[in-house]
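# Chains, contacts and geometry: an overview
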Amino acid sequence: MLFRIRSKLLLYFIVLVVLLSSVGFFFYNSSEKLVTEYDDSFERFLLLNDISQRTNLMTEKLHAYILEKQPSYLRDHQKEKLKLIKDQNKLYEVIHTNEINLTNYKNMIDSFIDESDATLGAFKKDEINKYSNHFNEVLKINGFLQESTLDLLNNKLTDYQKFYGQMEQQNHYYKLMSISLFAAAFFLSTLLALWISGGITKPISLLSKAAKEISKGNLSGEDIKITTKDELKPLTETFNQMRTNLRQLVKEIKQKSELDKLLKELELRSLQNQINPHFLFNTLNTVSKLAYLEEAEQTSRLIEAVAALLRYNLGDVNKASTLRDEVRIVSEYFYIQKTRFGERIQFITDIQEDCLDIEIPVLILQPLIENAFIHGVEEYEENAEIRLNVYRHKDRIYVEVIDNGEGMSEATKKRFLDYVEGTAEEESFVPEKSKGHSNGIGVKNVIRRLQLYYQRNDVVEIESELKKGTKFRLTIPGIGKGGQVFVENTYSR
Amino acid sequence: MSKLSIVAYTVGSLFFLVSCSFSIFYGYKVVTHHLPKEDSAVKKYNYHFVLVAEELDNEYWRLVDEGARAAAKKYDVLLEYAGPKQANLEDHLKTIEMSAAAKVDGIMTQGLSDDQFSPLINKVVAKGIPVITVDTDAANSRRQAYIGTDNYYSGFLAGKALIKDTKGKANVAIITGSFTKNHQIQRVKGFKDAVQFEKGIHIIAVEESEISRVIAAEKANQIMQGHPEVNAFFGTSALDGIEIAQVVEKYKKQNQIYIIGFDTLPETVKYIRQGTIKATVVQEPYEMGYGAVEMMINIIEGKRVDPIIHTNTRIARLEDLPAVGMGGRK
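Residues numbered from 1 in each chain as written. Chains lettered and ligands numbered in written order. Predicted model: local features only at pLDDT ≥ 70, side-chain atom pairs only at ≥ 80, totals over all residues.

## Looking at the overall build of chain B
Helix and strand counts for chain B stand at 11 helices and 12 strands. Burial status across chain B gives 49% buried among its 330 residues. Expressed as a percentage of contacts within chain B between residues at least 6 apart in sequence, the contacts between residues at least 24 apart total 73%. (Helix = DSSP H or I, 4+ residues; strand = E, 2+ residues; numbered from the N terminus. Buried ≥ 20, exposed ≤ 12 C-beta atoms within 10 Å, placed from the backbone. Contact = placed C-beta atoms within 7 Å.)

Structure follows, in structure tokens:
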């Protein structure tokens with residue numbers, strides 16, 4: 001599945017937002033908790049203060065009511081009383097303690113309410129003695145309450161001091177933790193940002209670098225490898241594919257031009273030799289007929305062979321030939337040489353007929369035979385031997401040219417093999433100096449043309465041993481005519 | 001990866017790790033740091049009693065409190081130890097009133113003076129809060145019971161001891177804690193009654209120390225100057241004997257003057273060992289406190305209780321000291 005850049009970025013931002021907001025929430029929560037702690041502590045003081053003020057107010061209202069008998073005072077008194085009872089209940093909720101002081105305090109409030117109720121009751125019954133007694137009690141208890149309030153406040157404040165110190169300490173820890181948490185979040189998001197941005201920009205920078213190389217004309221270089229799986233992956237793959245194709249194309253173009261060059265070389269040779277060939281052929285034919293008429297049959301036959309050889313050599317080099325033609329011309333060549341050297345040299349052919357109807361480039365066999373003759377056996381006074389074998393094995397056709405001559409030195413052989421392997425390209429286009437009386441189309445030219453024609457390197461095998469002889473074996477794909485179209489195109493220019 | 005980005009990654013992750021471990025460390029601190037919580041476990045007690053002492057920081061009353069506390073623990077009673085920081089009658093009365101207003105289940109106090117204590121005790125009892133007098137009785141009030149020394153008898157014992165030790169011949173000066181407080185009056189009365197028929201014994205002065213060391217010393221000094229013939233002292237409150245001993249030592253007459261004190265405060269014991277104080281009256285404050293709480297529970301639970309229970313009183317001399325120890329605890 002493609003992991004898109006967009007989702008990557010989205011994920012990053014979500015992580016960032018979640019991280020920061022959870023840190024923020026944590027801060028908010030802790031500060032809220034602290035405020036609540038402060039609040040709770042403070043509420044107690046307020047409550048105690050409230051109660052003491054309320055009892056004061058109640059005492060005042062009670063007094064005023066007794067003096068002035070106005071029902072509004074009584075109402076106020078009752079209202080305050082209800083509030084006092086509520087505060088009293090709250091006392092236990094707010095202050096969780098087992099202290100005697102607080103129990104006493106609460107009971108004192110009860111006593112206070114009881115006494116003020118008793119005062120009111122007596123007042124309503126007009127029992128002056130009783131109500132003044134009760135009112136005195138109210139005053140007294142109010143005094144106690146004020147005192148106890150102060151006491152309690154004092155105690156609570158002392159407790160609170162300790163509490164406050166501890167809370168400050170905790171607050172300090174909170175602060176340090178918050179700072180380090182913030183720092184951690186900051187560094188984590190920075191790392192994530194680095195990672196994600198690196199993941200996006202790295203392939204892009206690689207791509208742009210490679211593109212720059214290409215624009216400079218350098219097509220080589222490794223394929224760009226990236227580990228990400230986002231949109232950049234197909235981009236990179238396409239880029240790599242494109243470069244490979246380009247490279248292939250350039251290679252093909254180069255090969256084509258090389259083939260052209262080789263052919264041009266051939267052409268040049270034949271042009272050099274094309275000194276009015278019709279005149280030469282007609283003359284040779286006339287000489288041949290004349291020799292025949294003069295009953296010099298052998299001379300006639302020899303001239304015929306020379307003419308055939310010449311005609312074939314001066315023919316259109318752009319046209320492909322068949323193996324049969326090649327073999328025929330080689331036989332003519334053998335005939336001429338046989339006439340020249342007589343018993344000194346043996347030509348042996350072993351040819352399977354059904355292999356001959358196959359297209360091969362022109363002038364392939366003759367240079368090889370010439371080479372075997374010139375470099376192999378020309379020096380021999382006797383028992384020189386040149387073999388030509390054509391046979392089929394599996395779907396390939398093998399053409400062997402074997403001599404029992406000098407053989408090649410290791411260096412020469414290696415040079416040939418390197419050339420065959422295609423590893424010694426720098427000297428590929430250096431035309432060989434013609435040696436002796438070869439027609440100059442070198443073995444290398446033959447090999448290269450075969451390679452280009454069949455688009456493969458393994459067309460030639462060379463076996464050679466010094467003083468024992470040399471064997472050239474051409475391998476021609478029998479059925480598949482690879483490169484046919486391409487070569488035809490090239491030839492038909 | 002370029003060198004720069006490797007450095008950035010390393011430094012970033014290093015900082016991240018450091019800050020992460022810091023936040024974990026402080027987070028742990030925050031979690032383990034406990035704010036002092038108030039003891040929210042509200043313990044239920046059967047009763048809530050108040051022991052009103054004459055003076056909070058008084059060895060004698062501490063012992064009473066100790067006894068009461070032991071009993072309170074046994075019977076699961078919430079005991080409150082209250083009273084004036086320094087002996088003060090008004091504060092003492094106010095403490096009782098406040099306890100009454102706080103609706104405690106029982107009050108244990110001294111019945112110091114009939115005039116001021118009796119009406120208050122009556123009022124408190126009328127509200128339904130039982131009152132037990134400890135150490136000093138307010139016999140005329142409606143207090144439910146009394147537990148403590150028979151003060152008259154203790155004075156009487158002191159008188160007898162003095163007669164015995166001086167062989168019936170002495171000019172005695174008495175320094176008493178108070179002329180108005182019942183227990184002091186009773187002790188002086190008992191003493192006087194004991195020596196009444198001894199021809200050789202003359203009471204030449206009776207002074208009041210107001211349960212203050214400074215005044216006690218002052219009065220002893222006055223007597224030493226005003227009555228050179230004095231050769232015996234009786235201090236009826238715990239502090240009086242100590243101050244007398246100090247003054248007598250100042251005059252270097254510890255061999256000529258016989259001193260008998262009250263209670264066994266550490267200083268008293270010290271003077272007895274030195275030989276300045278010859279004898280002291282030993283009370284049982286621990287027993288008083290312990291008994292008072294038991295009695296109070298019995299009263300609340302409606303059981304019959306003796307209205308007056310006297311704890312032991314003895315005379316202790318130098319030879320009795322090891323057995324007497326600190327304040328006569330069992």
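## Some points on the overall build of chain A
The secondary structure content of chain A amounts to 12 helices and 7 strands. Contacts spanning at least 24 positions in sequence make up 75% of the contacts within chain A whose residues lie at least 6 apart.

## With respect to helix H2 (residues 59–75) of chain B
Residue and element names in this part refer to chain B. With 17 residues, H2 should cover 24 Å at 1.5 Å per step; its first-to-last C-alpha distance of 24 Å lies within 8% of that length. Of all the positions in H2, only Tyr-60, Trp-61, Leu-63, Val-64, Asp-65, Gly-67, Ala-68, Ala-71 and Ala-72 are classed as buried. Of the surrounding secondary structure, the elements contacted by the buried residues of H2 are strand E1 (47–52), strand E2 (77–82), strand E4 (131–134), helix H8 (238–250) and helix H10 (285–300). Of the residues one or two after H2, Asp-76 is the one with positive phi, at around 55°. (Expected span 1.5 Å × (residues − 1).)

## Structural notes on the interface of chain B and chain A
At the junction of the two partners, chain B supplies 32 residues and chain A supplies 33 residues. Taken together, the elements giving at least two residues each to the side of chain B that touches chain A come down to helix H1 (3–32), E2 and helix H3 (89–101) of chain B. When residues in the side of chain B that touches chain A are grouped by element, the largest group, 15 residues, is from H1(B). Taken together, the residues of the side of chain B that touches chain A break down into 16 nonpolar, 9 polar and 7 charged. (Nonpolar A, V, L, I, M, F, W, Y, C, P; charged D, E, K, R; others polar.)

## Quick look at unusual backbone geometry
Despite not being glycine, A:Lys69 has its phi angle at roughly 55°, a positive value. Within the secondary structure, A:Lys69 sits in the loop between helix H1 (5–68) and helix H2 (71–94). Backbone geometry places B:Lys103, a non-glycine residue, at a positive phi of 55°. For B:Lys103, a count of 18 C-beta atoms within 10 Å gives the class partly exposed.

## Considerations on the packing of H1(A) against H2(A)
All names here are of chain A. With their axes 9 Å apart at the nearest point, H1 and H2 run at an angle of 155° to one another. Compared by their axis directions, H1 and H2 come out roughly antiparallel. Like other packed secondary-structure pairs, H1 and H2 cross with a definite hand, here left-handed. Looking at the contact of H1 with H2 residue by residue, the class counts come to 12 nonpolar, 2 polar and 12 charged. (Axes fitted to C-alpha atoms, helices over the stretch in contact; angles between N-to-C directions. Parallel < 35°, antiparallel > 145°, perpendicular 65-115°, else oblique. Left-handed = near helix turned anticlockwise from the far one by under 90°.)

## Notes on helix H7 (residues 297–313) of chain A
The end-to-end C-alpha separation of H7(A) is 24 Å, in line with the 24 Å expected for 17 residues at 1.5 Å each. Listed as buried for H7(A) are A:Ile303, A:Ala305, A:Ala307 and A:Asn313.

## What about the pairing of strand E7 (residues 469–477) of chain A?
Residues and elements named next belong to chain A. With 8 bridges connecting them, strand E5 (residues 396–403) and E7 associate as antiparallel partners. Paired with Val-399 across the bridge in E7 is Leu-474. Taken together, the 6 bridges between strand E6 (residues 460–465) and E7 define a ladder with antiparallel strand orientation. Counted as the bridge partner of Val-460 is Leu-474 from E7. Hairpin connection from E6 to E7: 3 residues lie between these consecutive antiparallel strands, with Lys-467 at a positive phi of about 70°. (Pairing = 2+ DSSP bridges.)

## Topic: the packing of H1(A) against helix H3 (residues 100–124) of chain A
Angle between the axes and distance between the axes: these two values describe a pair of packed helices. Residues and elements named next belong to chain A. It is the contact of H1 with H3, at a shortest axis distance of 11 Å, that shows an interaxial angle of 10°. Between H1 and H3, the crossing angle belongs to the class labelled roughly parallel. Touching Ile-51, Thr-55, Met-58, Leu-62 and Ile-66 of H1 are Ile-109, Phe-112, Ser-116, Thr-119 and Phe-123, all from H3.

## With respect to the sheet that holds E1(B)
All names here are of chain B. Sheet architecture is open: 6 strands sit in the order E2-E1-E3-E4-E5-E11, paired in parallel fashion. With one partner strand each, in any of the chains shown, E2 and strand E11 (308–311) form the two edges of the open sheet. Within this sheet the neighbouring strands show an average axis-to-axis angle of 20°, counted without direction. Judged from the 6 bridges that link them, E1 and E2 form a sheet pairing that is parallel. Note that in E2 the partner of Val-50 across the bridge is Glu-80. Across the sheet, H2 lies against E1, E2 and E4, angled at about 160° from E2, the strand it touches most. Lying over the sheet, H3 contacts E1, E2 and strand E3 (106–109), oriented at roughly 170° with respect to E1.

## Thoughts on the nonpolar core
By size, the foremost hydrophobic cluster in this structure holds 110 residues, and its most contacted members are B:Phe49, B:Leu51, B:Ile107, B:Met108, B:Ala292 and B:Val293. Residues A:Ala372, A:Ile386, A:Val443 and A:Tyr454 belong to the second largest nonpolar core, which totals 41 residues. (Core = buried A, V, L, I, M, F, W, Y, C linked by C-beta atoms within 7 Å.)

## Considering the confidence of the model for chain A
Residue and element names in this part refer to chain A. For chain A, per-residue confidence averages 81 on the pLDDT scale, and 89% of positions sit at 70 or higher. The model gives residues 426–440 a pLDDT under 50, and that stretch makes 13 contacts with residues more than four places away or in other chains. Predicted confidence for residues 480–493 stays below pLDDT 50, and this span has 14 contacts to residues more than four positions away or in other chains. (pLDDT = per-residue confidence, 0-100.)

## Overview of the sheet that holds strand E7 (residues 201–208) of chain B
All names here are of chain B. Here we have 6 strands laid out as an open sheet, ordered E7-E6-E8-E9-E10-E12, and mixed in their pairing. Two strands bound the open sheet, and with one partner strand each, they are E7 and strand E12 (314–317). For this sheet, the mean inter-axis angle between neighbouring strands, taken without regard to orientation, is 20°. The pairing of strand E6 (residues 170–176) with E7 spans 7 bridges and is classified as parallel. Paired with Thr-176 across the two strands is Glu-208, which belongs to E7.

## Some points on the confidence of the model for chain B
All names here are of chain B. On average, residues of chain B carry a pLDDT of 86, and 95% of them reach 70 or more. Overall, residues 324–330 carries pLDDT values under 50, and its contacts beyond four positions in sequence, including any with other chains, amount to 13 contacts. For this predicted complex, the interface score ipTM comes out at 0.70, while the overall pTM is 0.57.

## Points about the environment of A:Tyr38
Residue and element names in this part refer to chain A. With respect to the helices and strands, the residue Tyr-38 is situated in helix H1. Its 12 C-beta neighbours within 10 Å are what place Tyr-38 among the exposed residues. Linking Tyr-38 and Phe-163, residues 125 residues apart in sequence, is a C-alpha distance of 10.0 Å.

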